[in-house]
Amino acid sequence: MAIDAEKLKSLVEGEVLSSSFDQGRYATDASIYQIRPRAVLIPKTWTDVEAALEFANSEGISLLPRGGGTSQSGQTVGDALVIDFTKHLNKVEHYDAKKGCITVQPGLVLDDLNRRLKADGWWYPVDVSTASRATLGGMAANNSCGSRSIRYGKMQDNVEALEAILANGEMHRFAALRPDAALDTDMRALALREEVEIRARFPKVLRRVGGYNIDALLGDAPNMGQLLIGSEGTLAITKSLDLKLSPTLTTKTLGVCHFPTFHAAMDAAQHIVKLNPVAVELVDHNMIRLGRGIPQFKPIVDRFVKGEPAALLLVEFAETNAENRRRLSALGDLMAELGFRWGDPGKREGGVVEAEDPSFQAEIWGVRTQGLNIMMSMRSEGKPVSFVEDCAVPLEHLADFTTKLTEVFRKHGTDGTWYAHASVGLLHVRPVLNLRQDMGLRQMRAIAEEAFDLVAAFKGSHSGEHGDGIVRSEFHERMYGVRMVRTFEEVKDRFDPGGVMNPGKIVRAPKMDERSLTRWPENYDPQNRSTVFDWSDWPGGLTGAAEMCNNNGACRKSTTGVMCPSFRVTGDEKDLTRGRANVLRLALTGQLGKDAFTSDQMAEAMELCVGCKACKSECPMSIDMAKMKAEVQAARVASVGLKLRDRIIASLPRMASAATKLAPLANASRGLAHFVGFSTSRKLPAFKRAFAGKPDGEVLLFADTFNRYFDPETLAAAQRVIERAGFSVGVLSIKGRPLCCGRTYLSAGLPDKAKAELERTTIAMRDALDAGKVIVGLEPSCTLMFRDEAVNLISDWTADDGAQILTFAEFIAQHSDHLTARSETNVVVHGHCHQKAMGVAQTTVDVISGIEGAKAQMIESSCCGMAGPFGYQAETEEVSRQMAELSLAPAVRAALPDTVVVADGFSCRCQIADVAGREAMSLAKLLDRMTCL
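Rules of the game
Residues numbered from 1 in each chain as written. Predicted model: local features only at pLDDT ≥ 70, side-chain atom pairs only at ≥ 80, totals over all residues. Heavy atoms only, no water. Helix = DSSP H or I, 4+ residues; strand = E, 2+ residues; numbered from the N terminus. Rg over C-alpha atoms; globule rule 2.2 N^0.38 Å. Buried < 20%, exposed > 50% of the residue type's maximum accessible area, 1.4 Å probe, protein only. Areas by Shrake-Rupley, 256 points an atom, 1.4 Å probe, with all protein chains shown as cover. Pairing = 2+ DSSP bridges. Axes fitted to C-alpha atoms, helices over the stretch in contact; angles between N-to-C directions. Contact = heavy atoms within 4.5 Å. Salt bridge = Lys/Arg side-chain N within 4 Å of Asp/Glu carboxyl O. Parallel < 35°, antiparallel > 145°, perpendicular 65-115°, else oblique. Left-handed = near helix turned anticlockwise from the far one by under 90°. Nonpolar A, V, L, I, M, F, W, Y, C, P; charged D, E, K, R; others polar. Expected span 1.5 Å × (residues − 1). Core = buried A, V, L, I, M, F, W, Y, C linked by side-chain atoms within 4.5 Å. Phe/Tyr/Trp six-rings, centres within 6.5 Å; stacked < 30°, edge-to-face > 60°. Disulfide = S-S within 2.5 Å.

Colleague: Before we go on, may I ask you to explain the overall build of the protein chain in this structure?
Modeller: The helix and strand inventory of the protein chain stands at 42 helices and 26 strands. Its C-alpha atoms give the protein chain a radius of gyration of 29 Å, near enough to 30 Å, the size a compact globule of 933 residues would have. On the principal axes, the C-alpha backbone points of the protein chain span a range of 90 × 75 × 60 Å. By the burial criterion, 64% of the 933 residues in the protein chain qualify as buried. Surface summary for the protein chain: the accessible area is close to 34,300 Å², and the carbon and sulfur share equals 51%.

This is the structure:
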């Protein structure tokens, strides 16, 4: 049932999102569930939240507070008005650096908080793997833990107090119990009444986060804050949190314990914890295998994994340097005592790989924290499914429990992937199931029934970290008993008698295997569309590729890497890789109505995607949104046609030759560009005399459109530098017009014309390669197209062919010993997005750093924001500037006047000049200057 969105808009300052596309974007979290909300509120102030609560009560609808939307149990989806706190209610309200006291709003992201605290020697130690997007409010609602919970505990151990609003509109401070507060005394009385049952039924394990923490109201220091934590938004909506901070861990060391069998690793955990580590984390053979298959992880995995172990335990110590060294040595001795030592004929294969270097440790932990996403990278209809993965048992039972649970999986025709927190007896395990099929749902139900019986038999907790949500709430009677579940219902009813707050979680939950609540409802109808690219590597083609997004939210990170630049500017779910993938999946499966794929709303969803390709390399699922956008563009152009401006941009490679010959007239006409949709605040690049070059040489330059007609000095400089290295240089060409990669056509939604250009060029390239020529490109987006899109678009062009088309930096790196250069020059480098996505950006820095006297460093920046025509379009020009201002422009302005700014991308150089007011030069120009002796 729809809500009166216009009425709600009149009551709040923030945004109210109510379209089917907006509902679709918020219908899922990182669980298997999908429930469309009534609408979404992006509150600008806390007053908006109060207004939304009053509106919900008057309209008889539910409220659902939401942070990063990464819940794995279905806590943050529901038939409700969703309130997204992340865009505005994400501030620090009070901070005392001397005392280590801080009060934060619920939408603040953990990593953002810890970056602020680091300089003062503090951190918030509930170090969840989703720290780059997990909000403090969401973590409190979930009672999150982390890899170091053996030392620091859970959220309930690290929150002093919470300020929250109840369903009746009353503000309440949840902290030490107040005898003068009726709610506090009622809850204390309930806890005392049920004390015998609580002590008998609550599992005695650290990792118990299920149900309501009514046990926190027993003893001499009852705490209402601990009752609210873990309540999943079902009792109240948090306004602020007072957090307990901890001193940072300044010295750490890591031992990677290798085991020949999984059982041996599980059995060893109980002995390893006696060395008092701060973390003991599992990595199983599946994660090792899948990690080795992901380019960003393979070199790291190969470095810390020795041989082919069945399981690893990552054991971290964080004491003094001397004590860390002693414990690391003791760990090796313990492994030998347990019977594991490499090269010893009397012992089993195994041992410890030591990681004392902080950067090496960080790389290893980077793989571990991406464990879930590595597991979910399987390209198959069956996926590792989260429903029994939070089981925690006493450590001495861990090996037996995992053995028996594996037997349950195999009984039902599947196996599981394992990782996570061995130190506290909690292992994330996901059996591989195909939930599109009814059989998959039946398997899930049967495994859950048997698994939770096992947990109860071992006196463990079936909810150890990721909360109850939809997936586990219905099973509480198995763990707590009927009487305790009725007590939980009393708690809910005392707080929220009208059932306004996120109903169906913790108490009175639906069946966990109800198909209508999953991402694969009965009307799930994947469309068989014709596509630009070949998506056959994904079961289900393009739809299967979109389904790979598991909503882990890595694209929501605000720093490091490139992904996702548009979201970093707007803060809107619509502008996330995840947001786009969700509406694509819904459109491709018939859930957004007819023609949704080519609709105006889909075009709007793609509008701010700059095709940076960061998602291809930085998203753990390798969601290639640049290619997906190309599919949408092509379908939309076929449906509604092409704007004049876009037609001009697409045809630039063909028009540029004539425009250059009439450069004065063409350049003068730039002042009229706003009539076709270009921004009046930008001046389009000027045409220059085209670069010609020699017809042949040992090295052939691929003269792209941008450098050929707008920056011919870069091509000329490259020619001189390569000649100084001892090679003759020509230009790759064939009879007729100049060669082109076809990118402008592909970006405009004209794939057939793009393919035609690529066909001409790849034929010329193959002939040249067969003749023993070396081909070098200057423009990253054009050069690297032959390693990426061309491989997929041209049937006889392979990845090996594409790898032979070198960037200028790669060629120089191979032949730098042939160049004589010395320069006392400081350089900062902005890497083009496609260089970063393809892993070749650092080569530019390395080439410069290899010159005697020169110093170079990479600017830590996202996309520059120009992205070809994006920065010149009237409707996107301002967002383009904001992208530059995220990190690139400030870094360039901060560089000393005599520091050289290098950017290989033509668009990047234009953006730096326009926004930062500094000239950036290509690597070719810089080396031309340095080698001109």
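Colleague: How do you make sense of unusual backbone geometry when you look at a structure like this?
Modeller: Peptide bonds are mostly trans, and most non-glycine residues show a negative phi. Omega for the bond connecting Met 563 with Cys 564 falls within 30 degrees of zero, at -10°, which places this linkage in the cis form. Relative to the assigned elements, Cys 564 resides in the loop between helix H20 (541-547) and helix H21 (565-570). In this model, Asn 143 sits at a positive phi of 55°, which is unusual for a non-glycine residue. Relative to the helices and strands, Asn 143 resides in the loop between helix H5 (136-142) and helix H6 (149-152). Here the phi dihedral of Thr 560 falls at roughly 65°; this positive angle occurs in a residue that is not glycine.

Colleague: Can you walk me through the sheet that holds strand S10 (residues 237-244) in this structure?
Modeller: Within a sheet, adjacent strands bond to each other through the backbone by hydrogen bonds, running parallel or antiparallel. The sheet built from 5 strands is open, its strands ordered S5-S6-S10-S8-S9 with antiparallel pairing. If you trace the sheet from one side to the other, it starts and ends with strand S5 (92-96) and strand S9 (171-174), each paired once. Neighbour-to-neighbour, the strand axes of the sheet open up by a mean angle of 10°, direction not taken into account. Where strand S8 (residues 159-165) and S10 come together, 6 bridges link them in antiparallel fashion. Counterpart to Ala 161 in the pairing with S10 is Asp 242. Helix H3 (residues 46-59) rests against S8, S9 and S10 of the sheet, and its axis sits at about 135° to S10.

Colleague: Sorry, what's going on with the pattern of salt bridges here?
Modeller: Note that side chains of opposite charge can pair when their charged atoms are close. Considering all chains together, one arrives at 74 salt bridges under this definition. Residues Arg 494 and Asp 186 are paired through a salt bridge, measuring 2.7 Å at the closest nitrogen-oxygen approach. Of this pair, Arg 494 sits in helix H19 (residues 482-495) while Asp 186 sits in helix H7 (residues 182-193), and the two are 308 residues apart along the sequence. A residue is classified by how much of its surface remains accessible, and Arg 494, at 33% relative accessible area, is partly exposed. Among the ionic pairs, Glu 723 bridges to Lys 694, the shortest N-O distance being 3.0 Å.

Colleague: Just checking my understanding: could you explain the packing of helix H22 (residues 577-588) against helix H25 (residues 625-640) for this structure?
Modeller: The angle between the axes and the distance between the axes are what describe a pair of packed helices. Two elements in contact, H22 and H25, have axes separated by 11 Å at closest approach and are oriented at 40°. With respect to H25, the axis of H22 lies oblique. Handedness of the H22/H25 crossing: left-handed. In contact with Thr 577, Arg 580, Ala 581 and Leu 584 of H22, H25 contributes Met 625, Met 628 and Val 632. Class assignment of the residues belonging to the contact of H22 with H25 gives a composition of 5 nonpolar, 1 polar and 1 charged.

Colleague: How should I be thinking about H3 in this particular structure?
Modeller: In an α-helix there are 3.6 residues to a turn, and that puts residues three or four apart on one side. The terminal C-alpha atoms of H3 lie 20 Å apart, and with 14 residues this matches the ideal 20 Å at 1.5 Å per residue to within 8%. Looking at H3, one finds that the buried residues are Trp 46, Asp 48, Val 49, Ala 51, Ala 52, Leu 53, Phe 55 and Ala 56. Directly after H3, the chain includes Gly 60, whose backbone phi takes a positive value near 70°.

Colleague: Is there a simple way to think about the sheet that holds strand S21 (residues 774-777) in this case?
Modeller: Within the open sheet, the 4 strands sit side by side as S20-S19-S21-S22. Their pairing is parallel. Both outer strands of the open sheet, strand S20 (729-731) and strand S22 (805-807), are each paired with one neighbouring strand and no more. Each strand axis lies, on average, 40° off the axis of its neighbour in the sheet, ignoring direction. Pairing between strand S19 (residues 699-702) and S20: 3 bridges, direction parallel. The residue of S20 that forms the bridge with Leu 701 is Val 731. Those strands touched by helix H36 (residues 808-815) are S19, S21 and S22, and its axis lies near 85° from that of S22.

Colleague: Where do I start with the nonpolar core in this structure?
Modeller: Within soluble globular proteins, side chains that are nonpolar generally end up buried alongside one another. Ranked by size, the top nonpolar core spans 77 residues in total, and within it Leu 584, Met 625, Phe 702, Leu 732 and Phe 786 carry the most contacts. The element that contributes the greatest number of residues to this core is H25, accounting for 7 residues. Counting residues in each nonpolar core, the second largest holds 60 residues, with Ile 32, Phe 401, Ala 422 and Met 512 among its members.

Colleague: How do you make sense of the packing of helix H16 (residues 398-411) against helix H17 (residues 438-457) when you look at a structure like this?
Modeller: Relative to each other, H16 and H17 sit at 165°, their axes nearing to 10 Å. As summarised for this structure, H16 and H17 are arranged roughly antiparallel, according to the angle between their axes. Crossing angle aside, the handedness with which H16 passes H17 is right-handed. Contacts between H16 and H17 involve Phe 401, Lys 404, Leu 405, Val 408, Phe 409 and Lys 411 from the former and Ile 447, Glu 450, Ala 451, Leu 454 and Val 455 from the latter. Residue composition of the contact of H16 with H17, grouped by class: 8 nonpolar, no polar and 3 charged.

Colleague: Honestly, H16 in this entry has me stumped. Any pointers?
Modeller: In this model H16 runs 20 Å from its N-terminal to its C-terminal C-alpha over 14 residues, within 8% of the 20 Å that 1.5 Å per residue would give. Residues of H16 that are buried: Leu 398, Ala 399, Phe 401, Thr 402, Leu 405, Thr 406, Val 408 and Phe 409. Looking one or two places after H16, you find Gly 413, whose phi comes out positive at around 80°.

Colleague: Is there a simple way to explain the pairing of strand S13 (residues 279-284) in this structure?
Modeller: Where a strand is regular, its side chains alternate between the two sheet faces. The element S13 is extensively covered by neighbouring structure, given that 6 of its 6 residues are classed as buried. Residues of S13 alternate between two faces, with Ala 279, Glu 281 and Val 283 on one and Val 280, Leu 282 and Asp 284 on the opposite face, all of them buried. Sheet topology places S13 next to strand S14 (residues 311-317); 6 bridges connect them, and they run antiparallel. Across the sheet, the residue bridging to Val 280 is Val 315, located in S14.

Colleague: Explanation requested: the packing of aromatic side chains in the structure shown.
Modeller: Here a ring pair, both rings aromatic, is described through the centre-centre distance and the interplanar angle of the planes. Following the criterion strictly, the structure yields 17 aromatic pairs and no others. Ring geometry for Phe 702 versus Phe 786: centroids 5.4 Å apart, planes at 90°, classification edge-to-face. On the criterion of sequence distance, the pair formed by Phe 702 in strand S19 and Phe 786 in the loop between helix H33 (780-783) and helix H34 (789-793) is long-range, its members being 84 residues apart. Accessibility assignment for this pair places Phe 702 and Phe 786 in one class, buried. Geometrically, the ring pair formed by Phe 710 and Phe 906 is stacked, given 5.8 Å between the ring centres and 25° between the ring planes. Of the two residues, Phe 710 is situated in the loop between helix H29 (705-709) and helix H30 (712-724) and Phe 906 in helix H41 (residues 906-916); the sequence distance between them amounts to 196 residues.

Colleague: Please explain the side chain of Lys 613 as it appears in this structure.
Modeller: Along the chain, Lys 613 turns up in the loop between helix H23 (600-606) and helix H24 (614-618). The exposure class of Lys 613 is buried, given its relative accessible area of 4%.

Colleague: Can you help me understand the pairing of strand S23 (residues 826-830) in this one?
Modeller: Counting buried positions along S23 gives 4 out of 5 residues, so the element sits mostly inside the fold. When S23 meets strand S24 (residues 855-858), the two strands line up parallel, connected through 4 bridges. Across the sheet, the residue bridging to Val 829 is Met 858, located in S24. Examined bridge by bridge, S23 and strand S25 (residues 900-903) share 4 bridges and lie parallel to one another. In the strand pairing of S25, Val 827 is matched with Val 900.

Colleague: Can you walk me through the state of the cysteines in this structure?
Modeller: The bond known as a disulfide is covalent and runs between the sulfur atoms of two cysteines. Enumeration over the complete set of coordinates arrives at 0 disulfides. As a non-bridged cysteine, Cys 555 has Cys 564 as the owner of its nearest cysteine sulfur, 6.2 Å distant. In this structure Cys 612 is not part of a disulfide, and its nearest cysteine sulfur, from Cys 833, lies 5.0 Å away. Classification of Cys 612 as buried rests on a relative accessible area of 9%.

Colleague: Could you clarify how one ought to interpret the environment of Ile 102 in this entry?
Modeller: The residue Ile 102 is located in strand S6 (residues 101-104) in this model. For the pair formed by Ile 102 and Asp 438, sequence separation is 336 residues and the distance between their alpha carbons is 49 Å. Non-local contacts of Ile 102, meaning those with residues more than four positions away in its chain, are made with Val 92, His 94, Tyr 95, Leu 113, Leu 117, Leu 241, Asp 242, Leu 243 and Leu 245.

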